[in-house]
Amino acid sequence: MNQAGKTVFFRKDYKAPEYSIEKIDLNFQLYDTKTKVTAISCVRRNNKENRSPLILNGENLQLISVKIDGNVLSSSEYILDNTSLTVLTPPAVFELEIVTEIYPQENKALEGLYQSGPIFCTQCEAEGFRKITYYPDRPDILAVFTTRIEADVEKCPVMLSNGNLIETGSVEEGGRHFVVWKDPFPKPCYLFALVAGRLSCVNDEFITSSGRAVDLKIYVEEKNLNKCDHAMVSLKKAMEWDEKTYGLEYDLDTYMIVAVDDFNMGAMENKGLNIFNSKYVLTSPETATDEDYIGVEGVIAHEYFHNWTGNRVTCRDWFQLSLKEGLTVFRDQNFSAEMNSPTVQRIKDVQILRNFQFREDSGPMAHPVRPETYEEINNFYTVTVYNKGAEVVRMVQTLLGREGFRKGMDLYFHRHDGQAVTCDDFIAAMADATGTDLEQFKNWYCQAGTPVLEVSSHWEADSSSFHLTVTQNCPDTPGQKGKNKKPFHIPLALGLMTENGKDLFGKNGCKTEILHLKEQKQTFTFTNIAEKPVVSFLRDFSAPVDVKTFQQDEELAFLMKYDSNLYNRWESATRLSASTILDVVRQLEKGTPIQFNELFFDGVLHSITEKIEDPALLALALELPPETALALQLDSVDPDLLFQGRTIIKRELATRFQNEFLFLYINNQEAGKYRISPEAMGRRRLKNCALSYLMSLNPPQDKFLQLCIDQFSKSANMTDTITALRLISHHPGTTRDALFTDFYRKWEHDSLVMDKWFAIQAMSSHENCLSTVKHLLSDRLFSMENPNKVRALIGAFSSGNHVQFHAINGEGYSFLADMILQLDSINPQIAARLVSPLTNWKRYEKRRQILMKKELERIAKKPGLSPDVSEIVNKSR
Ligand code: 0A1
Ligand code: ZN
């Protein structure tokens, strides 16, 4: 227990389970107001001598009966409380039958069995199975599941569970039918799934490399049948990629995906039966943006890849979550890189890390990739576990090389197929397969915080040698003092370039060398360097570290133009734009006349006018860093000045390069048919980036406004439509209102499209934004019970509208606190995720600190707060 009286779990307390469950037969009888669940498990005590009690988890269940080997237990033979059922002296081997009643219709937390509209579905990760029946709800107990489902034929014509369908039939009770599914692969209960309802199905087939035919099925509401093509194509690409890249084949005869509208996260990898948030399944050019298409491809692949990294080899306990998530994100990132542009993908991966994970890592919720402790596991599905976890796996690949990494993966599956294992087991497989010492590397799993690197260098003309000195320091994080942290083993991908843009390394065509930084301070010496080189540091972002800028703007401008590593060109461009904006912010603070960094403007002009090789890369280089990312580089953030500074630079660019932007806009229009290829998406991104500059001019110019309105009314694809609407959202007035009304009328029947309508209004930089948001809460299409809507309106305002959320009157903060409190009694998981923008209050200037802290205190005081919200609020105040 901690001071707030909450139970705290520690990694060091792990104990192997006292009992194992070899198989479980589940029977679900679904009715309108309740569901009866009968669970019959074959239980075996692991320890022969010790007759310990059997502790089963269970929450919100109505217990009907407990039997052992067919005999009903009397109430003195077990103890029942709010979270568990303990059988006091069970035999060594027995059959346990438990009957419970549950109420999916009332389940708004969307964990366990619930209804999304009329469709019954489940979400069991991490601890949802305990809301279905009493069971040892932990990932290291693997059982073979057989599931019988019985329901009304009309309401639930389709009934699905994991594995293979082995029986169907009708029930004597009128109008009802049943199915039986059996999953031959032993699995932890968090991978259990059930779906029942009126669903239609898109079918396809995949022939595996060994020649087996796998039925592919995507289940959606009938009206969405025409929006599944992209998801199906993505699934087949993912299946092929995993065979080609890792030799991993799918193992069941059927792979099913179901799309539901009410889902807490993106999707869930339940064995053979993935359940998805419909946002990550449904696409059509008219309704989905390019970003949506890429998101669907990535999430479909992610869930598919879990079949091996997560399902066949699973986690021993939830502290090991990154074992499956970090590895699977790494795999989906590489897949997306191969399907699209590797550099664009890498930049996006790094943007997520920098804009979100670095913030988490520097705040009160910072935790290691493998946490040591938690109160509510749902709070640990974080960017640290997922995305920093993926970076850690990427570093392993960089250290071992691709071939070595593949050997490590082969050994990992060979050793651990069918087991529940740890991050140490993963690293041991990598080390053993290649004979590499990864002991020091493991610090990445147990030390939180983003290491900060400082770099200095000097070139000696006499000896033609170049010396590069790098130091690493990791800041304090909760429970870990920086000074006590051990140095990390950091792979540094380095290029040295001549002043005319040539790479100095050239061994085997490799322009980049991997240095191993293992000490707190280390000097690397290079010989035969005949001229002073320009350093291209941390190419492809080879480690999740924060490199203090050590180069003059001249060098950055040079790298932005000529670095042979395309990722680093973008990196230098971003560094220059960030420093240019922050320079202006400092000048605003001081009240001195604004002077611009001309090198930055030269660099931008060079990029715009150079021959365009990849339009997406140019767009990414031109897009200025968001305020949330810039805020991380300041000690005491004033959101108004930050917004002003960024706007000044944006307008200055637009004013100076108006003609160039117009040229880019016109020249990157779609020629011919709409396509979703990387090239076509890149052009749309570039064109819309140019329009965004033109629309930022002050005073606004009618001709550009008209361009934007035309794009809105003529475009047949959602990327262009929504960009136009977003750009107009910053300009209140009758035109804007008319376009929003138009859009509403056209799309009110499509919930996913309407999410965009809500989000864009919530992100308007106009000062009446909050009152619009409050007004939208009562729109008939808004619902607090639908996580996508909450994210679209409340999430977009508080995390995506920096300047308005942080308005100095504090109303943004109190609004968010109100919403969190209201949502906490409906869906604690989603409520807890909303707290995030308040947690970093220490980064802001004094007045805002006080206002933010006040709201955290107000939330903390609320009686009956969920463990989810309570953990985050109490750790951050
Ligand atoms: N394992 C899934 C994500 C997921 C995690 C937790 C959930 O409920 C708390 C739901 C889904 C994935 O990584 O895709
Ligand atoms: Zn995952």
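Residues numbered from 1 in each chain as written. Chains lettered and ligands numbered in written order. Predicted model: local features only at pLDDT ≥ 70, side-chain atom pairs only at ≥ 80, totals over all residues.

**A short note on the overall build of the protein chain**
A tally of regular secondary structure across the protein chain gives 27 helices and 31 strands. For the protein chain, the C-alpha radius of gyration of 28 Å lies close to 29 Å, the compact-globule estimate for 877 residues. Taken along its principal axes, the extent of the C-alpha atoms in the protein chain is 85 × 70 × 60 Å. Long-range pairs, those at least 24 residues apart, make up 70% of the contacts in the protein chain with a sequence separation of at least 6. (Helix = DSSP H or I, 4+ residues; strand = E, 2+ residues; numbered from the N terminus. Rg over C-alpha atoms; globule rule 2.2 N^0.38 Å. Contact = placed C-beta atoms within 7 Å.)

**Describing the confidence of the model for the protein chain**
Looking at the protein chain as a whole, the pLDDT averages 97, with 99% of positions reaching at least 70. Across the whole predicted complex the pTM is 0.99, and at the interface the ipTM reaches 0.99. (pLDDT = per-residue confidence, 0-100.)

**Concerning the nonpolar core**
Nonpolar side chains in soluble globular proteins generally cluster together in the buried interior. V195, V258, I275, V281 and I820 are the most contacted members of the largest nonpolar core, which has 240 residues in total. The element best represented in this core is helix α5 (residues 383-416), accounting for 11 residues. Residues within four places of I820 in sequence aside, it is in contact with A831, L834, V835, I859 and V869. (Core = buried A, V, L, I, M, F, W, Y, C linked by C-beta atoms within 7 Å. Buried ≥ 20, exposed ≤ 12 C-beta atoms within 10 Å, placed from the backbone.)

**Looking at unusual backbone geometry**
The step from E125 to A126 runs through a cis peptide bond, and the omega angle for that step is -5°. Structurally, A126 is set in the loop between β11 (119-123) and β12 (143-152). At the junction of N698 and P699, the peptide bond is cis and its omega measures out at 0° in the coordinates. Relative to the helices and strands, P699 is located in the loop between α15 (678-694) and α16 (702-714). Residue L110 is not a glycine yet carries a positive backbone phi of 60°. As for its placement among the helices and strands, L110 is situated in the loop between β9 (93-102) and β10 (112-116). With a phi close to 55°, D540 is a non-glycine residue in the positive phi region. Residue position: D540 is located in the loop between β30 (534-536) and β31 (546-547). Judged by C-beta crowding, with 19 C-beta atoms within 10 Å, D540 ranks as partly exposed.

**Observations concerning the pairing of strand β16 (residues 194-197)**
Within a regular beta strand, the side chains point alternately toward one face of the sheet and then the other, so they alternate between its two faces. Neither face of β16 is exposed, since L194 and A196 on one face and V195 and G197 on the opposite face are all buried. Here 4 bridges tie strand β13 (residues 158-161) to β16, and the two strands are oriented antiparallel to one another. For M159, the partnering residue across the bridge sits in β16 and is A196. (Pairing = 2+ DSSP bridges.)

**Some remarks on the sheet that holds strand β8 (residues 84-87)**
Spatial strand order, β4-β8-β7: 3 strands in an open sheet with antiparallel pairing. The sheet is open, and its two borders are formed by β4 (54-57) and β7 (78-80), each paired with just one other strand. On average, adjacent strands in this sheet sit at an angle of 15° to one another, irrespective of strand direction. Of the strand pairs in this sheet, β4 and β8 are connected by 4 bridges, and their pairing is antiparallel. Opposite L56, over in β8, you have L85 as the bridge partner. (Axes fitted to C-alpha atoms, helices over the stretch in contact; angles between N-to-C directions.)

**Notes on the environment of T580**
Looking at where T580 falls in the secondary structure, it is placed in helix α9 (residues 566-590). Sequence separation between T580 and F601 is 21 residues; the distance between their C-alpha atoms is 9.4 Å. Not counting residues up to four positions away in its chain, the partners in contact with T580 are N597, F600 and I649.

**Topic: the packing of helix α14 (residues 658-667) against α15**
Two elements in contact, α14 and α15, have axes separated by 8 Å at closest approach and are oriented at 145°. In this structure, α14 meets α15 at a crossing whose hand is left-handed. Two secondary-structure elements touch here, α14 through Q658, F661, L662, L664 and Y665 and α15 through L686, K687, A690, L691, Y693 and L694. Among the residues making up the contact of α14 with α15, the classes are represented as 9 nonpolar, 1 polar and 1 charged. (Left-handed = near helix turned anticlockwise from the far one by under 90°. Nonpolar A, V, L, I, M, F, W, Y, C, P; charged D, E, K, R; others polar.)

**Quick notes on the environment of Q480**
Examined against the element boundaries, Q480 turns out to sit in the loop between β26 (465-473) and β27 (490-497). Considered as a pair, Q480 and E286 are 194 residues apart in the sequence and their alpha carbons are 50 Å apart.

**Digging into the sheet that holds strand β17 (residues 200-207)**
The strands making up a sheet associate through hydrogen bonds between their backbones, and the pairing can be parallel or antiparallel. Ordered in space as β17-β18-β19-β21-β20, the 5 strands form an open sheet in which the pairing is mixed. Each having just a single partner strand, β17 and β20 (267-268) make up the two edges of the open sheet. Note that strand β19 (residues 254-260) and strand β21 (residues 273-277) share 5 bridges and pair parallel. From the neighbouring strand, A259 faces β21, where its bridge partner is F276.

**Looking at the domain arrangement of the protein chain**
Domain annotation for the protein chain reports domain 1 (24-197), domain 2 (199-306), domain 3 (313-446) and domain 4 (452-548). Inter-centroid distance (C-alpha atoms) of domain 1 to domain 4 is 55 Å. (Domains from an automatic or database assignment.)

**Structural notes on helix α13 (residues 639-656)**
Helix length check: α13 (18 residues) gives 26 Å between terminal C-alpha atoms against 26 Å at 1.5 Å per residue, within 8%. Residues of α13 that are buried: P639, L642, G645, R646, I649, L653 and A654. Looking straight down α13, one finds its buried side chains confined to an arc of 165°; they lie on one side. In this structure, the buried residues of α13 make contact with α9, α10 (598-609), α12 (627-631), α14, α15 and α22 (802-805). (Expected span 1.5 Å × (residues − 1). Arc of directions from axis to C-beta.)

**Some thoughts on the packing of helix α19 (residues 751-762) against helix α21 (residues 787-800)**
Packing of α19 against α21 brings their axes to within 7 Å, and their N-to-C directions diverge by 10°. In terms of axis orientation, α19 runs roughly parallel to α21. Pair α19 / α21 crosses with right-handed handedness. Contacts between α19 and α21 involve D755, F758, A759 and A762 from the former and N788, K789, A792, L793, A796 and F797 from the latter. Tallied by class, residues from the contact of α19 with α21 come to 7 nonpolar, 1 polar and 2 charged. (Parallel < 35°, antiparallel > 145°, perpendicular 65-115°, else oblique.)

**Observations concerning the pairing of β9**
The side-chain alternation of β9 yields one buried face, formed by F94, L96, I98, T100 and I102, and one unburied face, formed by V93, E95, E97, V99 and E101. Both strand β3 (residues 35-45) and β9 contribute to a ladder of 10 bridges, which runs antiparallel. From the neighbouring strand, R44 faces β9, where its bridge partner is V93.

**Overview of the environment of G603**
As for its position among the elements, G603 is in helix α10. By C-beta crowding, G603 is classed as buried, having 24 other C-beta atoms within 10 Å. Distance from G603 to F558, taken between C-alpha atoms, is 8.3 Å for residues 45 residues apart in sequence. Apart from the residues within four sequence positions on either side, G603 is in contact with A557, M560, K561, A573 and L576.

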